[in-house]
Amino acid sequence: MLEVTNVNKNYGKKQVLYAINLKFENGIYGLLGPNGAGKTTLIHIITGLIPPSGGKVTYRGTDIRERKNRYHDDLGFMPQYTSYYPNFTGMEFLNYMCTIKGIPARKQKEIISEVLRIVNLTEHRNEKIGHYSGGMKQRIGIAQAIINNPKILILDEPTAGLDPLERIRFRNLISELSKDRVVILATHIVPDVESIASKVLLLHKGRLIEGGSPEKLMNDLDGRVALITTECDCKTEIEQEYHISNVVVNNNKYQYRIISDKTLPANAVLVAPTLEDVFLLHTQSGEEV
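The structure displayed is predicted, hence computed values, not measured ones. (Residues numbered from 1 in each chain as written. Predicted model: local features only at pLDDT ≥ 70, side-chain atom pairs only at ≥ 80, totals over all residues. Heavy atoms only, no water.)

(A) Quick peek at the overall build of the protein chain. Check the secondary structure of the protein chain and you find eleven helices and 14 strands. Relative to its full complement of 289 residues, the protein chain shows a buried share of 48%. Expressed as a percentage of contacts within the protein chain between residues at least 6 apart in sequence, the contacts between residues at least 24 apart total 67%. Accessible surface computed for the protein chain: about 14700 Å², of which carbon and sulfur atoms make up 47%. (Helix = DSSP H or I, 4+ residues; strand = E, 2+ residues; numbered from the N terminus. Buried < 20%, exposed > 50% of the residue type's maximum accessible area, 1.4 Å probe, protein only. Contact = heavy atoms within 4.5 Å. Areas by Shrake-Rupley, 256 points an atom, 1.4 Å probe, with all protein chains shown as cover.)

(B) Summary view of the sheet that holds strand 11 (residues 225-230). Strand order in this open sheet of four strands is 12-13-11-14, and the pairing throughout is antiparallel. Among the strands making up the open sheet, the edge pair consists of strand 12 (243-250) and strand 14 (268-270). Sheet twist, expressed as the average angle between the axes of neighbouring strands with direction ignored, equals 25 degrees. Both strand 12 and strand 13 (residues 253-259) contribute to a ladder of seven bridges, which runs antiparallel. Opposite His 243, over in strand 13, you have Ile 259 as the bridge partner. (Pairing = 2+ DSSP bridges. Axes fitted to C-alpha atoms, helices over the stretch in contact; angles between N-to-C directions.)

(C) Representation of the pattern of salt bridges. Summed over all chains, the structure comprises twelve salt bridges. The salt bridge involving Arg 117 is made with Glu 114; its shortest N-O contact spans 2.7 Å. One end of the pair is Arg 117 and the other is Glu 114, both in helix 5 (residues 105-118) and three residues apart, which spans about a single turn. Since its relative accessible area comes to 37%, Glu 114 is described here as partly exposed. The residue Arg 181 makes a salt bridge to Asp 180 at a minimum N-O spacing of 4.0 Å. Accessibility expressed as a relative area gives 45% for Asp 180, which makes it partly exposed. Through salt bridges with shared partners, a single ionic network connects Arg 167, Arg 171 and Asp 192. (Salt bridge = Lys/Arg side-chain N within 4 Å of Asp/Glu carboxyl O.)

(D) Focus on the side chain of Asn 148. With respect to the helices and strands, the residue Asn 148 is situated in the loop between helix 6 (134-146) and strand 7 (152-156). Here Asp 73 takes part through its backbone oxygen, which lies 3.1 Å from a polar atom of the side chain of Asn 148. In terms of polar contacts, Asn 148 uses its side chain to reach the backbone carbonyl oxygen of Leu 75, at 3.1 Å. Among all residues touching Asn 148, those that are not within four sequence positions of it are His 72, Asp 73, Leu 75, Lys 101 and Ile 103. (Polar contact = N/O pair within 3.5 Å; in protein donor to acceptor, adjacent residues only side chain to side chain.)

(E) View of the pairing of strand 11. Two elements, strand 11 and strand 13, share six bridges in a ladder whose sense is antiparallel. Residue Ala 226 lies in a different strand from strand 13, and its bridge partner there is Ile 258. Bridging between strand 11 and strand 14 involves three bridges; their strand directions are antiparallel. Bridge pairing in strand 14 links Ala 226 to Leu 270.

Quick look at the structure:
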């Protein structure tokens, strides 16, 4: 359906993306990487906002630059930083977005009512967006992205700044929206993709590794993740031998969560890997999944 083929991106002499190759079918794809990894640049190329320096993005077999508006008709996008007119009500904003997206006036009321229901903002439709909470603004951002019933939904850091409860609600919403479309969720927040993504794509320093399902990536670390408990602060010594993914201090004892290819020390206790272990290992070391 949507394919990225050998995409590179340079800004002057600086290369920020290297030979990206991806294929997307219906489902949720978690584009996971630290800040500065190139996620937003890749998203902007996929949406057609900026051109690649090399390679191409095709949709249904045709370069998106040739499809132009036909591609955008099937695309919904929520950028990382969204600005709203604070004096617009939710209803006014969505009417405005319907007009921009070419939705006929006779259909707008019904469509807006449905997307407001989906994002749970019906009761707030006549409130000014300037009075919305952070979570409500994120939900109105989702509403504008799905108002044209897109086949491809792209969300760039959609949960940044949300409290834990809003993030859970947001993940549940994304799961519901993924039934019959491609959803690309770009984030550096690991829990946002661990529980809902069908496939995780790990991006690090502009290079993309197609890692597979969260379960597969975590299973690849079986036998490599352990806890070491000591009575001394040995972080410096331990991190010379292992990757440390977490440190907890409790009752004057230090507990280190480590990832290793080496033989584990005798006092290490094996634990189940998490996607955060995978993320930290490969963004710290630059290794491939």
